[in-house]
Amino acid sequence: MKIAILTSGILPVPAVQGGAVENLIDFYLEYNQQHRLHNITVYSVWHPDVEKYPAVKSDVNHYCYINTSSFIAKVFRKIHQLLHPNEYYNYFIEYFFEQAYKHLRKEHYDCIVLENRPGYVCKLSQRGISNLILHLHNDLLNSTLPQAKDIYQHLNKVITVSDYIKQRVESIPVQTDSKTMTVYNGINLQNFTRREDPIISRKELGFSDTDFVLIFSGRLNKDKGIDKLIEAMLLLTDLSNIKLMILGSTFFGNASNEDGFVCSLKEKALTIKERIVFTGFVPYQNMPDYLQLADVAVIPSVWDDPFPTTVLEAQAMGLPTIATNRGGIPEEVADESAIIVSTEQNFVEGLANAIRRLYNTPQECSNMAIAAKHNAVKYNKERFARDFFNALESKL
């Protein structure tokens, strides 16, 4: 098939600036290059670093770049904002879409994949373009959205990252049969293996070999539940060798700036500050070095996280997992590899009890570690890419 991939218009592909969605696009493009399945054109924002990537020289994957950061682009973006003040997305994204559309309309594609942008459907369908497939990573298309029914009816297919997101899409009241299917995300398992010479040690972080180390990784905001995890630590003062390593900052690489929430976290942890280490932002490629220092991963999300890869990464590193029953998180773990805690009642106590349980039962911890690694194998990037293309090609 001849396929167009219309990206989000924020981060570039290849994923030179990171981004979960962009990494997943790289995975299926790499698979396409290896197996030579389809002729694919990716419409992406431009970044100078993309030129260094061998992937852009592929003869089956083609890249059409839109420069949204030049002086001229910034001027035209503002003009676009003034002329079209009430569009679906902000002017930055809408400008990217219009520039990409100028190229896209000159070609005929068997299908156009919209990466996490249901709002693109509105304009494309109005301009007579069909064969639209939405790859949905977040809860952006459900019955609460005013345009949901119209968007859904103009889509050929919706590929969701979890059954939770699938159920949200299927809440839209339409008379047609469901055209929604789930393809679980994947990670590069080769990157998430224990290393003989990690860049960091327990000693450098102030932990001893006998400490029982918990790890949290992710952006530091209220939705991630990190404040609740610290409160759980405050209930475990009788177990002084339970320690907590907090990886992350307020937003991606913004390690130097601390907002009020991060300051409140440190204030909350003041009485047990010797047991909690805030590392700040850690580059993605260094995450395995920190994960392998831990005994247990904790994912205390209090929002309906669609399908966080932090769960998969921790399990790939052989970490027993304590996670919440929100969004797609329960779909990522096996009963043998994780403890699922409800956020509805006595959440903090539930977290503390789960931590205490694993601390007191080293054999259970060991068994869960083995099960975690076994479970993670199902989420390799090759399986994701294969399932993604099978979904594109399937008949509904």
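Higher on the page you've got the structure.
In what follows, the accompanying structure is described. Being a predicted model, the structure only gives us computed values, none of them experimental.

On to the side chain of R117. You can see R117 is positioned in the loop between β4 (111–115) and α4 (120–126). As a buried residue without a salt bridge, R117 has its nearest oppositely charged side chain in E22, at a separation of 7.4 Å. A polar side-chain atom of R117 sits 3.1 Å from the main-chain carbonyl oxygen of S8. Setting aside its immediate chain neighbours within four residues, R117 contacts S8, I10, Y89, I93 and L134.

The next subject is the nonpolar core. The biggest cluster of nonpolar side chains holds 67 residues, and the ones touching the most others in it are L6, Y120, L124, L141, I215 and M245. Residues in contact with L124, not counting those within four places in the same chain, are L6, F97, Y101, L114, I129 and L132. Core analysis: the second largest hydrophobic core is formed by 34 residues, I226, I246, F347 and L351 among them.

Strands sit in the order β10-β9-β8-β11-β12-β13 across an open sheet of 6 strands; the sheet is parallel. Two strands in the sheet have a free side with no partner beyond their single neighbour: β10 (276–280) and β13 (338–341). Between one strand axis and the next, the sheet turns by 20° as a mean value, whatever way the strands run. Against the sheet, helix α11 (residues 309–316) contacts β8 (212–217), β11 (296–299), β12 (321–324) and β13, and its axis sits at roughly 170° relative to β11.

For the rest of this paragraph, the subject is the packing of helix α13 (residues 347–360) against helix α14 (residues 362–376). Put simply, α13 and α14 touch, their axes get as near as 5 Å, and they point 100° apart. Between α13 and α14, the angle is such that the two are roughly perpendicular. On α14, the residues that touch R357, L358, Y359 and N360 of α13 are P362, E364, C365 and M368. Looking at the contact of α13 with α14, its residues break down into 5 nonpolar, 1 polar and 2 charged.

Cut-offs applied
- Residues numbered from 1 in each chain as written.
- Predicted model: local features only at pLDDT ≥ 70, side-chain atom pairs only at ≥ 80, totals over all residues.
- Heavy atoms only, no water.
- Helix = DSSP H or I, 4+ residues; strand = E, 2+ residues; numbered from the N terminus.
- Buried < 20%, exposed > 50% of the residue type's maximum accessible area, 1.4 Å probe, protein only.
- Lys, Arg positive; Asp, Glu negative; His and termini not counted.
- Salt bridge = Lys/Arg side-chain N within 4 Å of Asp/Glu carboxyl O.
- Polar contact = N/O pair within 3.5 Å; in protein donor to acceptor, adjacent residues only side chain to side chain.
- Contact = heavy atoms within 4.5 Å.
- Core = buried A, V, L, I, M, F, W, Y, C linked by side-chain atoms within 4.5 Å.
- Pairing = 2+ DSSP bridges.
- Axes fitted to C-alpha atoms, helices over the stretch in contact; angles between N-to-C directions.
- Parallel < 35°, antiparallel > 145°, perpendicular 65-115°, else oblique.
- Nonpolar A, V, L, I, M, F, W, Y, C, P; charged D, E, K, R; others polar.

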